[in-house]
Amino acid sequence: MSQQYGIQTTGQELVANYSKIIKGKVILTTGVSPGGLGAHFLHVVSQAQPALLILAGRNVATCQETGDAINKDYPSVNIKILQLDLSSFSAVRAAADKLLGWADVHAIDVVVNNAGIMAVPYTLTSDGYESQFASNHLGHFLFTNLIMSKILAAPCPRVISISSAGHRFGGVRFADINFDSGALYDKWVAYGQSKTANILFARRLAQKLAKHGLLAFSVHPGRIGTNLSVHLDRSPGGDVDAMIQVIRSKGLMAGFSPQKPFISLDQGVATHIFAAFDPNLSEHNGKYLLECGIADPYQEDIMCWATSKVEADRLWTMSETMVDQKFEY
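Predicted model only: the values in this text are computed from it and were never measured.

A. Summary view of the environment of Tyr-191. Looking at where Tyr-191 falls in the secondary structure, it is placed in helix α7 (residues 187–209). For Tyr-191, a relative accessible area of 5% corresponds to the buried category. Along the chain, Tyr-191 and Arg-168 lie 23 residues apart, while their C-alpha atoms are 9.7 Å from each other.

Written out as structure tokens, the structure is:
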């Protein structure tokens, strides 16, 4: 694969290069709040005249605000809004049913599972699962599988799961997803569990559905200052110091070396765009991507618990049990 791209690559640059590929595509993205990665991803790709953008999020007004901003600059881009609350299985099913009922949407070329929450206080969803694992993984797992018929109707479909370097905080706690009802809860370890799950989900999707032409990837966008982290306490002894302690406790290189600098929002969405449209990724199906390239496990880009076929299989089976539905392909 070409090494022409890297951490300095921008979304604008890639859209210019992939414009012929993006044109006419139907793209569904979750997590599209103004100022975030999902909204910027959609705004940038709109330059290349996709056929339809589906903006999925819990707050319809917020999704509409992003859609209006896109149409202000690109009035010819068609936009649909889909209410989707990933923290509730019943809400996810309702959203999937609505989308499947859209007769004018025959196929979805690209799904970008971008929505997420990070390092929040311990809460359980209405379905009884820790909120970060439920919102970041289980909701996307259920929604993606429920709409798979429209994804596979596309000629070269892709599903992109937005993960994070935070997956290094820990693997999936198969025997204790809920942290002993909160008694053992660490917000960063819980975030890491959910981000590892995103990577394993992409890996298993690729394994299951490559025979149907599906490509699936997980993505680390980079270190970006977005609204995902605005709630964090950055004072001494606060959330950021706690995160560093988790990294150090794992004995990871990242805990003892200077962190990479922040990158711009446009650089942050570059790997989204690379994963969604680069024409040379088929031989890397299921891989974890960062800086517009393939992660290197020898540099701790990706941890061993996020590369295991056994753990990917196990997570899929456990997720089916949690959402109370099997998906056979």
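B. Representation of the sheet that holds strand β6 (residues 215–220) in the model. In space, the eight strands of this open sheet follow the order β3-β2-β1-β4-β5-β6-β7-β8, with mixed pairing throughout. Only two strands of the sheet have a single neighbouring strand rather than two, namely β3 (78–83) and β8 (293–294). Two strands pair when backbone bridges link them, and strand β7 (residues 288–290) and β8 are joined in this way by two bridges, in the antiparallel orientation. The residue of β8 that forms the bridge with Leu-289 is Ile-294. Contacts between helix α4 (residues 89–100) and the sheet are confined to β1 (26–30), β2 (52–57) and β3, with β3 contributing the most and set at about 150 degrees to the helix.

C. Looking closely at the pattern of salt bridges. The full count for this structure, using the stated rule, is five salt bridges. Among the salt bridges present, the one from Asp-313 reaches Arg-204, with a minimum N-O distance of 2.9 Å. In this pair, Asp-313 is assigned in helix α11 (residues 309–323) and Arg-204 in helix α7, connecting sequence segments 109 residues apart. Where Asp-313 meets Lys-309, a salt bridge forms, and the shortest distance between an N and an O atom there is 3.0 Å. Here Lys-309 and Asp-313 lie together in helix α11, a separation of four residues that amounts to about one turn. Taking relative accessible area as the criterion, Lys-309 reaches 45% and is therefore assigned partly exposed. Here the salt bridges do not stand alone but share partners, grouping Arg-204, Lys-309 and Asp-313 into one network.

Rules used throughout
- Residues numbered from 1 in each chain as written.
- Predicted model: local features only at pLDDT ≥ 70, side-chain atom pairs only at ≥ 80, totals over all residues.
- Heavy atoms only, no water.
- Helix = DSSP H or I, 4+ residues; strand = E, 2+ residues; numbered from the N terminus.
- Buried < 20%, exposed > 50% of the residue type's maximum accessible area, 1.4 Å probe, protein only.
- Pairing = 2+ DSSP bridges.
- Contact = heavy atoms within 4.5 Å.
- Axes fitted to C-alpha atoms, helices over the stretch in contact; angles between N-to-C directions.
- Salt bridge = Lys/Arg side-chain N within 4 Å of Asp/Glu carboxyl O.

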